[in-house]
Amino acid sequence: KIKGLLFDLDGVLVDTAVYHYKAWLRLAKTMGFTFSELQNEELKGISRMDSLDKVLAWGNVQKSAEEKLALATQKNDWYVEMINKMTPAEVLPGALNFLQQAKQAGYKMALGSASKNSATILKNTNLAHFFDAIVDGNSVSKSKPDPEVFLKGAQELALQPQQCVVFEDAEAGIIAAKRGGMKAIGIGDKNILKQADKVVAGLGQLSVKNLEEL
Ligand code: G16
Ligand code: MG
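All of these numbers come straight from a predicted model, not from anything done at the bench.

> Describe the overall build of the chain, with residues and values.
Each helix and strand in the chain was counted, giving 8 helices and 6 strands. When its helices and strands are written in sequence order, the chain yields β-α-α-α-α-α-β-α-β-α-β-α-β-β. Over its C-alpha trace the chain gives a radius of gyration of 17 Å, about what one expects of a compact globule, namely 17 Å for 214 residues. Overall, the C-alpha framework of the chain stretches about 50 × 35 × 30 Å when taken along its three principal axes. Put simply, the chain has 214 residues, and 39% of those count as buried. In the chain, once contacts between residues fewer than 6 apart in sequence are set aside, the share between residues at least 24 apart is 62%.

> Help me get a handle on the site of ligand 1, residues and values and all.
Inspection of the region around ligand 1 gives 20 residues, with Leu9, Asp10, Ser113, Ala114 and Ser115 positioned closest. Partitioning the shell around ligand 1 into residue classes produces 5 nonpolar, 10 polar and 5 charged.

> Which residues make up unusual backbone geometry, and what values go with them?
Peptide bonds are trans in most cases, and residues, glycine excluded, mostly fall at negative phi. Going from Lys144 to Pro145, the amide bond is cis rather than trans, its omega being 15°. Its location among the elements puts Pro145 in the loop between β3 (133-135) and α7 (148-156). Phi at Asn60 is positive, roughly 60°, even though this residue is not glycine. As for its position among the elements, Asn60 is in the loop between α3 (48-58) and α4 (65-83). Despite not being glycine, Asn126 has its phi angle at roughly 65°, a positive value. The topology assignment puts Asn126 in the loop between α6 (118-124) and β3.

> Give me helix α1 (residues 17-30): which residues, what numbers.
Between the first and last C-alpha of α1 there are 20 Å, a value that for 14 residues agrees with the 20 Å anticipated at 1.5 Å per step. Buried residues of α1: Tyr19, His20, Ala23, Trp24, Leu27 and Ala28, and no others. Residues of α1 that are buried sit in contact with α3 and α4. Where α1 ends, the next residue or the one after it, Gly32, has phi of about 85°, a positive value.

> Help me get a handle on the pairing of strand β4 (residues 164-168), residues and values and all.
Most of β4 is tucked away: 5 of the 5 residues are buried. Here β4 shows a buried face lined by Cys164, Val166 and Glu168 and a second buried face lined by Val165 and Phe167. Two strands pair when backbone bridges link them, and strand β1 (residues 4-7) and β4 are joined in this way by 4 bridges, in the parallel orientation. Following the sheet pairing, Gly4 is matched in β4 by Cys164. Relative to strand β5 (residues 183-187), β4 runs parallel, the two sharing 4 bridges.

> Hey, could you go over the sheet that holds strand β2 (residues 108-112) for me, with residue numbers and the actual values?
Read from one edge of the open sheet, 6 strands run β3-β2-β1-β4-β5-β6, paired in parallel fashion. Two strands in the sheet have a free side with no partner beyond their single neighbour: β3 and β6 (198-200). Strand-to-strand twist of the sheet, defined as the mean angle between neighbouring strand axes without regard to direction, takes the value 20°. Here α7 sits on the sheet in contact with β1, β2, β3 and β4, set at roughly 165° to β3.

Parameters at a glance
- Residues numbered from 1 in each chain as written.
- Chains lettered and ligands numbered in written order.
- Predicted model: local features only at pLDDT ≥ 70, side-chain atom pairs only at ≥ 80, totals over all residues.
- Helix = DSSP H or I, 4+ residues; strand = E, 2+ residues; numbered from the N terminus.
- Rg over C-alpha atoms; globule rule 2.2 N^0.38 Å.
- Buried ≥ 20, exposed ≤ 12 C-beta atoms within 10 Å, placed from the backbone.
- Contact = placed C-beta atoms within 7 Å.
- Near = placed C-beta within 6 Å.
- Nonpolar A, V, L, I, M, F, W, Y, C, P; charged D, E, K, R; others polar.
- Expected span 1.5 Å × (residues − 1).
- Pairing = 2+ DSSP bridges.
- Axes fitted to C-alpha atoms, helices over the stretch in contact; angles between N-to-C directions.

In structure tokens:
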């Protein structure tokens, strides 16, 4: 029986991808190149340093480890400037209602995000109080598709992986959930999130009652 819900942040509860995109693009431009919105899709769900490596490869740019750290810090400063101004109005459609229903129904809930900025986002959007545990980029050593982030989440909820459902918009996140032994609900496109047990366009398309059918 399902007792715990593990939520990805960017793309599931809030759309911070647009802020990541703006900050990475600004960084690319300082190095004299640009990249497309389609390429930006590849940055979803992966860590900051992995994202930087991809961006640099697109620009055919080589940097030392020290320079990379400075570039990632610059990008993050621009990103944080934007998320500092986020409001509860930026919670994705249906997400708040779903979290409320789930809380009411007695599910334990954890965040499972790759971001090191999850605390700021949760605070500014008023979502922090829903979570019994927060596992994010500050507390994991291996990025999705490694299941670490979700295994830790289940553990912090004192549940077995089989008792948990993961909500994810990135293919790497769905793979992480399946490798961890959890059910996975994809938020997005069926043709991309192939390994998900079920795919919906957004949490608004899902009712907490649907969880019992999984
Ligand atoms: C999010 C985004 C990724 C981002 C990562 C790290 O993951 O989807 O694009 O690179 O966090 O973010 P930060 O630079 O803030 O540490 P998730 O897992 O919430 O979808
Ligand atoms: Mg995501």
